[in-house]
Amino acid sequence: MHWLFGDQLGPHFLAPGDGGPGRDTPVVMIEARSVFRRRRFHRAKAHLVLSAMRHRAAELGDRVTYVRADTYRDGLDRAARGRPVTVHHPTSYAAVRLVRALPNVTVGPPRGFLVPMADFAAWADGHGGKRLRQEDFYHWVRRGHDMLMDGLQPAGGRWNLDHDNRQPPPRGHRVLPVERPYRPREDEIDDEVRRDLDRWEKDGDVSFVGRDGPRLFPATRTEARRALRRFVEHRLTTFGAYEDAMLAADPVMSHSLLSSSLNLGLLDPAECVESAEAAWRAGRAPLNSVEGFVRQIAGWREYVWQLYWYFGEDYRHSNELRHTAPLPDWWNDLDVTAVRANCLRTTLAQVRDTGWTHHIPRLMILGSHALQRGWDPAAVTDWFHRCFVDGYDWVMVPNVIGMSQYADAGRMTTKPYTSGGAYVNRMSDLCGPCVHRPGDRTGEHACPYTAGYWAFLDRHRGRLAGNQRVSQPLRQLDRLGDLAEVRRQERARGDTPP
Ligand code: FAD
């Protein structure tokens, strides 16, 4: 039998060869209730994962034994009854430990990523202990996989078009003038999932956060292909320019919304890159947008996956800034009622309603707030993992511990990603209607991000002193005349919603 995990749902996980099953090998899928008991997930995420698994089982028909069990181990015992089982390398340390401990299970290499782990390890080791740089890795992947290349040169002559990207939102627009994204239609499998989740909650067996509105993300390969096609044909053009911008009334802007499909294994990263590159070669999308998108998939996504394994299992416990504060209840419950800061209220409400926001609200609103408040990075990681439709252990740990919380003291990024309100104001329309003023550090209208930024630098000035990339803000910190008041105000703020 071949075992498919719930994030191994595309056809490439059943293709023969390299640890894969034979053409007619029976398949087993296990829906383990214990997974939902362990964490308080967003309901839309639980819905999406179960819907995707059950849709895949329906497609596989008689070939699959679909087991609803308490644990994976129980489910496998029931389905395999001692027969040998193959499985592709799962996506978390915990799952790898489990499959390796089971008798009769043979673990094949992972699928759904571009670079074999051993090749990455050789590349990283080859850097002789120097800081690894995503940019170098990204060039190496593009060369190695001939992605967006003209011979040995990057297509268009430049590796990096960030200069043309990362613009503020276009003036005078509440929403980006671009076609809306693909949204799937629910069917009877979704109805059944919703009934099951209602029942589990009513029985007190599991509890969720967030709202489970109509399913917004693809649950099948066909839906995921449609989402990719719609993005590349109608929405990719403006991706690059506005990839870092935020608009209150347009959470999606020109983002692809493909992360959940990629992470469920419904799409393969290579096909996403190929479609975007083909659009550029056919003159249907500009290079800055295509390069920006390819960078996200072949650069960031792949890098994050590799670092998860390369840094090892203990990396998740990194806490170089010694942040230990617990997450407050209003945050855990996605309760925005008392939040006055417009950027945070808007973003947290997006998470509550959809289980998704794009990368800048994740990094510069949610993550930045957690970093400024000194919340325990492991708890922040767990929160992101539970609340986002695309959250899985491998992708959350480096993104939160490394990129967002700087808990690894710069192994992954060169500086902490946090800012005052000025950045949010420049990149969004969120500050205009806010009761706080981005320019105010203290007083009645003090922006919690601006005050929080200086208080963060002040607390960690010793640790950050040697970092060139923060030397200028540290010099500015020394010149602040109201630092004592900022400190007093931040102490008084405690955990109250900003
Ligand atoms: P787009 O902006 O359209 O980008 C295209 C694709 O690039 C995404 O679909 C995604 O697959 C990939 N990608 C881009 N950046 C990253 C990255 N840093 N890590 C992994 N993939 C990336 N992404 C997840 O898939 N799951 C997560 O749990 C997750 N957690 C995050 C937590 C924090 C604190 C931060 C800062 C980022 C996180 N990301 C995560 C990365 C990124 O925010 C999301 O992939 C992206 O917002 C998903 O929306 P999209 O599909 O429209 O992405």
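Up top you'll find the structure we're talking about.
My aim in this report is to walk through the structure given alongside it, one point at a time.

Quick notes on the rules
Residues numbered from 1 in each chain as written. Predicted model: local features only at pLDDT ≥ 70, side-chain atom pairs only at ≥ 80, totals over all residues. Heavy atoms only, no water. Salt bridge = Lys/Arg side-chain N within 4 Å of Asp/Glu carboxyl O. Helix = DSSP H or I, 4+ residues; strand = E, 2+ residues; numbered from the N terminus. Pairing = 2+ DSSP bridges. Axes fitted to C-alpha atoms, helices over the stretch in contact; angles between N-to-C directions. Contact = heavy atoms within 4.5 Å. 1 Å grid on protein atoms, 1.4 Å probe; cavity = no way out; pocket = protein on both sides within 12 Å on 5 of 7 lines; lining within 4 Å. Points joined across faces, edges and corners; volume = space filled by probe spheres on them. Nonpolar A, V, L, I, M, F, W, Y, C, P; charged D, E, K, R; others polar. Domains from an automatic or database assignment.

Thoughts on the pattern of salt bridges
Here is step 1: Enumeration over the complete set of coordinates arrives at 47 salt bridges.
Here is step 2: Arg281 serves as the salt-bridge partner of Asp150, at 3.2 Å between the closest nitrogen and oxygen. A residue pair is termed long-range when its members are at least 10 positions apart, and Asp150 in strand S6 (residues 149–150) and Arg281 in helix H10 (residues 269–281) qualify at 131 residues.
Here is step 3: Among the ionic pairs, Arg493 bridges to Glu490, the shortest N-O distance being 3.0 Å.

Points about the sheet that holds strand S4 (residues 85–88)
Here is step 1: Pairing in this open sheet of five strands is parallel, and the strands run S3-S2-S1-S4-S5 from one edge to the other. Every other strand in the sheet has two partners, leaving strand S3 (64–69) and strand S5 (105–108) as the edge strands with one partner each. Between one strand axis and the next, the sheet turns by 30° as a mean value, whatever way the strands run.
Here is step 2: Across four bridges, S4 lies against S5 in parallel orientation. Counterpart to His88 in the pairing with S5 is Gly108.
Here is step 3: Helix H2 (residues 43–60) rests against strand S1 (2–4), strand S2 (27–32) and S3 of the sheet, and its axis sits at about 155° to S2.

Some details on the layout of surface pockets
The gaps of empty space that remain are located by a probe, the size of a water molecule, rolled over the atoms.
Here is step 1: Quantified by volume, the second largest pocket comes out at close to 830 Å³.
Here is step 2: Contributing to the lining of the second largest pocket are 35 residues, with Val35, Arg38, Tyr72, Ser92 and His385 lying nearest its centre.
Here is step 3: Taken together, the elements giving at least two residues each to the lining of the second largest pocket come down to S2, helix H1 (33–38), H2, helix H3 (72–80), helix H4 (93–101) and helix H16 (393–404).
Here is step 4: Looking at which element gives the most residues to the lining of the second largest pocket, the answer is H2, with five residues.
Here is step 5: Considered class by class, the residues forming the lining of the second largest pocket number 18 nonpolar, seven polar and ten charged.
Here is step 6: Lining the lining of the second largest pocket are residues from two domains, each supplying at least three of them: domain 1 (2–108) and domain 3 (319–493).

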